[in-house]
Each structure stands twice: as C-alpha cells, then as structure tokens.
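# Residue-level structural notes
Each chain, written out:
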Amino acid sequence: MRCYKCGSFLTDGDTCPQCGENVRIYKKTARVSDAYYNAGLYKARVRDLTGAVESLKISLMINKYNTNARNLLGLVYCEMGDVVEALSQWVVSKNFTPEGNIAGHYIKKIQTNQNRFEMITGTIRKYNLSLKYAKEGNLDMAVIQLKKVVANNPQLIKAHLLLALIYIKQDELSRAKKLLNAVLAIDKNNTLADIYQKEIAERNVAKKAETSGSFLPKRKEKDIDKKPLSGNDVILPRSSYKEPSNGAITIINVLAGVVIGAALIWFLIVPARNKGLTQDYKKSLQEYSEQLSSGNVELNSMQKELEEVKAQKDALEQQLGVVNGTEGSNKLLVSVIEAASDYIANKPDDAANKLVDIDVSALPSESAKTLYNTIATATLPAAAQTFYNTGMTEYYKSNYEVAADNLVKAYKCNNSADSAYYAAKSYVALAKTDDAKKYYKYIVDDYSTSGYYKEASDYVNSH
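Since the model is a prediction, treat every value here as computed from it, not as a measurement. (Residues numbered from 1 in each chain as written. Predicted model: local features only at pLDDT ≥ 70, side-chain atom pairs only at ≥ 80, totals over all residues. Heavy atoms only, no water.)

The helix and strand inventory of the chain stands at 19 helices and zero strands. Every one of the 463 residues in the chain was classed for burial, and the buried ones make up 35%. Contacts in the chain between residues far apart in sequence, at least 24 positions, make up 50% of those at least 6 positions apart. When the accessible surface of the chain is split by element, carbon and sulfur atoms take 54% of a total near 28500 Å². (Helix = DSSP H or I, 4+ residues; strand = E, 2+ residues; numbered from the N terminus. Buried < 20%, exposed > 50% of the residue type's maximum accessible area, 1.4 Å probe, protein only. Contact = heavy atoms within 4.5 Å. Areas by Shrake-Rupley, 256 points an atom, 1.4 Å probe, with all protein chains shown as cover.)

Structure, rendered in structure tokens:
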C-alpha cells in the first residue's frame with residue numbers, strides 16, 4: 001500500500017516512513033474499500049452484475065484511488081453493454097495510476113475497433129432517444145428504436161428492460177418475458193427484471209382467474225363413481241360377438257385407414273403448417289413495415305430540418321449582402337453560412353469544424369444565432385466524440401501536437417472535463433505552459449468535483 005500524500009510504500013506503522021503523515025485512518029478506509037472490492041469481484045464472478053456495481057461504487061466512494069475496483073467496475077459496465085460508462089471509468093483509472101495500469105490496455109482495445117465502438121455509442125444514443133419517446137407517450141416509435149438497439153447491442157441491459165416495460169404496458173407479456181429472461185442470463189439478480197417478472201406473473205394469474213370462471217360447479221369423478229344406481233339406469237351386457245377372420249377384409253381395412261390418415265394430414269396438418277408460414281410471413285412483413293415507418297419518420301424529420309436550415313441560410317445570405325457591420329462580424333456570418341452549406345451537403349464533420357471556433361455570442365443577429373444553434377445541435381455531439389477519439393489515439397502515440405488540436409476542438413464542442421484534461425496534458429508535453437494552464441484552469445473553475453481537480457489546481461497554482 002502506498003501513502004496517499006507522497007506515494008511511497010507504507011510499513012506496518014501508523015505513519016508514513018517518507019513524509020511522516022499519519023496514515024492510520026487511511027489504512028482502515030483502504031481495507032474497507034478492498035473488502036467491498038472483494039465482494040464486488042465475487043458477485044461479478046457469479047454474474048450478479050447489479051450487486052457488483054453497487055459494491056464497487058461503495059468501494060470507490062470510500063477510496064476513489066482504488067484502481068482495481070475502478071477497473072473492475074469498467075469491466076462490469078462493459079459486460080452490461082454500457083461501453084461509454086466503462087471507458088470513462090478506465091480513463092479516470094489511467095489518470096490516477098498512469099504506469100502499469102491494465103486500464104490502458106482496455107482503452108486501446110476499444111480504440112482499435114473503431115467501427116464497433118461507434119456502433120455501440122450509436123445504440124446508446126438510440127436508447128436515449130427511445131427513452132425520450134417513451135416519456136412523451138410515443139411508445140410505437142420507442143419500440144422501433146429499442147428493437148434496433150437490442151439487435152445491435154444485445155448486452156445493453158437497460159434497453160432490454162425499457163422494451164420489456166413497454167411490452168408489459170401493451171399487454172404483450174410473452175415478448176416481455178423473453179426479454180427479461182435475456183436480462184437475467186446476463187445479470188442473474190437484476191432487481192428490475194425480477195420486479196417486472198412478478199408483474200407478468202400476477203397478470204397471468206389474473207387472466208387465468210377471469211377465463212376459468214364457471215356458473216356451475218364441477219363434479220368430481222370419485223363422486224360420480226360413488227353414486228348409487230337408480231331404477232332408470234340401464235346396464236348393457238358385454239358383447240361376445242366376433243367378426244369372422246377374413247384376410248381380404250383386413251387388407252381393405254388397412255387401406256381405408258391409410259386413406260383416412262392421408263386425408264387427415266391434408267385437411268388438418270397442411271392447413272396448420274400453411275397458417276404458421278403465413279403468420280411468420282405477416283410477422284416479418286410487420287417488422288419490415290415498422291422499420292420502413294421508422295426510416296420514413298426519420299427521413300421526413302431530416303428533410304424538414306434541412307429545409308429549415310436552407311431557409312435560414314438564404315435569409316442570412318441576404319442579411320450578409322446588406323449588413324454594414326464590422327469585418328469580424330461579416331467573417332462570422334460567412335463561417336456560419338459555409339457551415340450550413342456543408343451540413344446541407346451531408347458533410348457534418350466539415351460543418352462542425354467551421355463551428356467550433358465561432359463564439360455564438362459574437363454573432364451580429366438572432367437569425368445567425370438560430371442557424372448556428374440548429375447546426376450545432378445536429379453536428380457537435382458526434383463531432384466531439386470523433387475529435388476526442390482521434391485526440392486520445394494521437395496522445396497515446398505521443399503525437400501531442402495533433403492530440404492537442406483535436407482535444408481542444410472536442411472541448412469546444414462539449415466542454416468535457418476529459419477533453420480539457422488531456423488537452424492540458426498534451427500542452428504540458430509540448431512545453432506550452434500558458435496553453436496548459438488555460439485548460440487546467442477550465443477544470444479548476446468548472447469541475448471542482450472531478451478526479452482531475454487536484455492535479456489541475458496544483459499546476460495552476462505553481463505556474
């Protein structure tokens with residue numbers, strides 16, 4: 001165990017042999033944190049992922065520097081399909097312990113499969129959109145999006161749970177139960193899945209109670225057997241008549257049985273099979289129709305948005321033709337118009353590149369600000385992730401100039417603490433003290449609860 005203040009190895013005593021700091025309470029908290037980590041590790045091994053997350057969060061709440069607990073929490077999140085949350089845990093872990101930390105291997109493994117990572121982050125965005133639809137009561141659109149999420153990211157537990165909840169609300173209990181079984185196969189003690197299954201069981205019991213009601217009580221067979229014979233009961237004697245043995249009649253009976261069996265197959269089994277094929281076809285057709293409907297809705301929405309952007313762009317061009325403002329204002333208007341042109345031409349990355357250096361408050365008119373906000377909402381979130389991923393890739397390659405450029409753009413897109421921190425680290429590596437201090441200052445001012453705060457504060461105060 002290392003001293004929290006100077007980083008040197010601790011002995012059995014209550015003080016640090018290097019700096020003399022009293023570490024008695026620190027040792028106790030570290031042991032408690034390790035105990036919760038061990039509990040989380042055990043739960044993760046038996047696939048109690050929800051319980052593992054709870055234990056590991058307590059472990060980190062007690063000792064945020066517990067690297068093992070943070071790395072394991074990232075792995076559990078990854079197993080639950082939430083790769084973005086896992087990546088954030090590993091980045092923090094790598095920051096606390098830069099050397100010999102397996103979190104660096106996990107981060108590189110995700111970054112090497114960029115297409116898979118983008119697909120997973122896309123499913124998380126669709127899940128958030130589905131959650132918005134569900135809250136607004138637009139359940140059909142939520143179901144369409146969630147089906148895509150579940151198909152592309154089968155491990156994303158929260159998508160399964162939300163889709164199951166909607167199915168329960170729509171009284172499609174068999175579909176909901178299938179989704180909940182998939183959740184429990186991943187996380188066997190998932191609390192919400194258990195609650196939803198109990199709800200399904202109660203509804204099934206209620207349905208059986210409704211359908212099994214009868215006006216007349218049922219008679220038991222043993223009561224019928226015990227009933228004495230009355231005078232009107234007729235007893236038929238057992239017949240002793242036998243058909244004479246005849247081989248030809250036997251053959252005819254066999255052939256008749258074959259014909260009757262073939263007829264039964266033709267009239268009973270074949271129609272049922274055809275009915276099953278028809279139902280499968282109708283189900284597939286319905287799914288294709290839902291996908292087509294979703295695509296049409298998204299296409300119509302995009303077309304409407306593009307039309308609005310074109311109208312705003314045209315109005316801004318007219319305004320630029322008659323404006324008598326300063327040269328700087330004109331340049332800002334031109335940049336917004338060029339970004340709008342790129343967005344209309346389906347070049348969102350180029351549009352985002354033109355927007356990142358624009359101060360929206362400096363735009364000379366409300367129409368320019370409206371157009372900026374429209375394009376920024378559509379392009380900057382995705383561009384921020386692209387800039388951040390590129391920046392981190394170059395950072396780990398020690399290509400700090402390119403890393404700093406991309407990480408600064410990522411920060412301008414979404415004001416992320418991670419982007420500011422690694423931009424500052426890149427500038428430190430380039431010996432650009434003023435730039436490094438500038439981005440560390442953002443962390444000190446805006447992210448006082450961040451794990452980067454202490455390092456940022458120390459740097460700002462010492463430079």
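This next bit is on the UniProt feature "repeat: TPR" (unreviewed entry) in the chain. What UniProt calls "repeat: TPR" (unreviewed entry) maps, in this numbering, to residues 157-190. Helix makes up 79% of residues 157-190 and strand 0%. Its end C-alpha atoms lie 9 Å apart. (UniProt positions renumbered as here; feature names shortened; annotations may be inferred.)

Tracing the backbone through its elements, the reader meets His160 in helix H8 (residues 157-169). At 3.5 Å, the side chain of His160 and the backbone oxygen of Pro154 are in polar contact. (Polar contact = N/O pair within 3.5 Å; in protein donor to acceptor, adjacent residues only side chain to side chain.)

Right, let's talk about the packing of helix H9 (residues 173-186) against helix H10 (residues 191-211) for a bit. Closest axis-to-axis distance for the H9/H10 pair is 10 Å, and the angle between their directions is 150 degrees. Relative to H10, H9 is oriented roughly antiparallel. Regarding H9 and H10, the two cross each other, and that crossing is left-handed. Counted together, Leu173, Ala176, Lys177, Leu180, Asn181, Val183 and Leu184 of H9 and Ala193, Asp194, Tyr196, Gln197, Ile200, Arg203, Asn204 and Lys207 of H10 form the full contact between these two elements. Within the contact of H9 with H10, the residues separate by chemical class into eight nonpolar, three polar and four charged. (Axes fitted to C-alpha atoms, helices over the stretch in contact; angles between N-to-C directions. Parallel < 35°, antiparallel > 145°, perpendicular 65-115°, else oblique. Left-handed = near helix turned anticlockwise from the far one by under 90°. Nonpolar A, V, L, I, M, F, W, Y, C, P; charged D, E, K, R; others polar.)

Let's shift gears to H8. The end-to-end C-alpha distance of H8, which contains 13 residues, comes to 19 Å, matching closely the 18 Å that a straight helix rising 1.5 Å per residue would cover. Counted residue by residue, H8 has 10 buried out of 13 residues, so it is predominantly covered. When we look at burial in H8, the residues that qualify are Ile157, Ala159, His160, Leu161, Leu162, Leu163, Ala164, Ile166, Tyr167 and Ile168. Buried residues along H8 sit in contact with helix H6 (114-135), helix H7 (139-152), H9 and H10. Just past H8, the residue Asp171 takes up positive phi, approximately 65 degrees. (Expected span 1.5 Å × (residues − 1).)

Our next topic: the pattern of salt bridges. Scanning the model with the defined rule gives 11 salt bridges in all. Among the salt bridges present, the one from Glu199 reaches Arg203, with a minimum N-O distance of 3.0 Å. Residue Glu199 and its partner Arg203 are both found in helix H10; the two are separated by four residues, about one turn of the helix. Take Glu199: its relative accessible area is 30%, and that puts it in the partly exposed class. For Arg203, a relative accessible area of 29% corresponds to the partly exposed category. Measuring nitrogen to oxygen at the nearest pair gives 3.3 Å for the salt bridge that ties Glu401 to Lys432. With Glu401 in helix H16 (residues 400-414) and Lys432 in the loop between helix H17 (417-429) and helix H18 (433-446), this residue pair connects regions lying 31 residues apart in the sequence. Classification of Glu401 by relative accessible area gives partly exposed; the value is 45%. Through salt bridges with shared partners, a single ionic network connects Asp171, Glu199, Arg203 and Lys207. (Salt bridge = Lys/Arg side-chain N within 4 Å of Asp/Glu carboxyl O.)

For the rest of this paragraph, the subject is the packing of aromatic side chains. Across all of its chains, the model carries 13 aromatic pairs by this definition. When the centroid spacing of 4.8 Å and the interplanar angle of 40 degrees are considered together, the rings of Trp90 and Tyr106 count as tilted. One end of the pair, Trp90, is in helix H4 (residues 83-96); the other, Tyr106, is in helix H5 (residues 103-112), with 16 residues separating them in the sequence. Each member of the pair, Trp90 as well as Tyr106, carries the same accessibility label: buried. Their ring planes at 40 degrees and their centres at 4.8 Å tell us that Tyr440 and Tyr459 sit as a pair that is tilted. Note that Tyr440 is positioned in helix H18 and Tyr459 in helix H19 (residues 453-462), a separation of 19 residues in sequence. The rings of Tyr395, Tyr396, Tyr400, Tyr421, Tyr422, Tyr440, Tyr452 and Tyr459 are connected pair by pair, giving a single aromatic cluster. (Phe/Tyr/Trp six-rings, centres within 6.5 Å; stacked < 30°, edge-to-face > 60°.)

With that out of the way, let us pick up the environment of Asn204. With respect to the secondary-structure elements, Asn204 resides in helix H10. Considering only alpha carbons, one finds Asn204 and Leu173, 31 residues apart in sequence, at a separation of 8.4 Å.

Right, let's get into H4. The terminal C-alpha atoms of H4, which comprises 14 residues, lie 20 Å apart, in line with the 20 Å expected from a rise of 1.5 Å per residue. By the burial criterion, the buried members of H4 are Val83, Ala86, Leu87, Gln89, Trp90, Val91, Ser93, Lys94 and Asn95.

Let us now look at the packing of H6 against H8. The geometry of a pair of packed helices is captured by two quantities: the angle between their axes and the separation between those axes. Following both chains from N to C, one finds H6 and H8 inclined at 25 degrees, their axes separated by 11 Å at the closest point. In this view, H6 runs roughly parallel relative to H8, as classed from their interaxial angle. Handedness of the H6/H8 crossing: left-handed. Only Lys158, Ala159, Leu162 and Ile166 of H8 make contact with H6, whose side of the interface consists of Tyr127, Ser130, Leu131 and Ala134.

Another point: the nonpolar core. One finds Val76, Trp90, Leu355, Leu380, Tyr422, Tyr439 and Tyr440 to be the most contacted residues of the largest nonpolar core, which totals 99 residues. Counting residues per element, this core draws most heavily on helix H15 (residues 366-396), which supplies 11 residues. Taken domain by domain, this core gets at least three of its residues from each of domain 1 (23-112) and domain 2 (119-189). With near-sequence residues (within four places) excluded, Leu380 lies in contact with Ala352, Leu355, Val356, Tyr372, Ile375 and Cys413. (Core = buried A, V, L, I, M, F, W, Y, C linked by side-chain atoms within 4.5 Å. Domains from an automatic or database assignment.)

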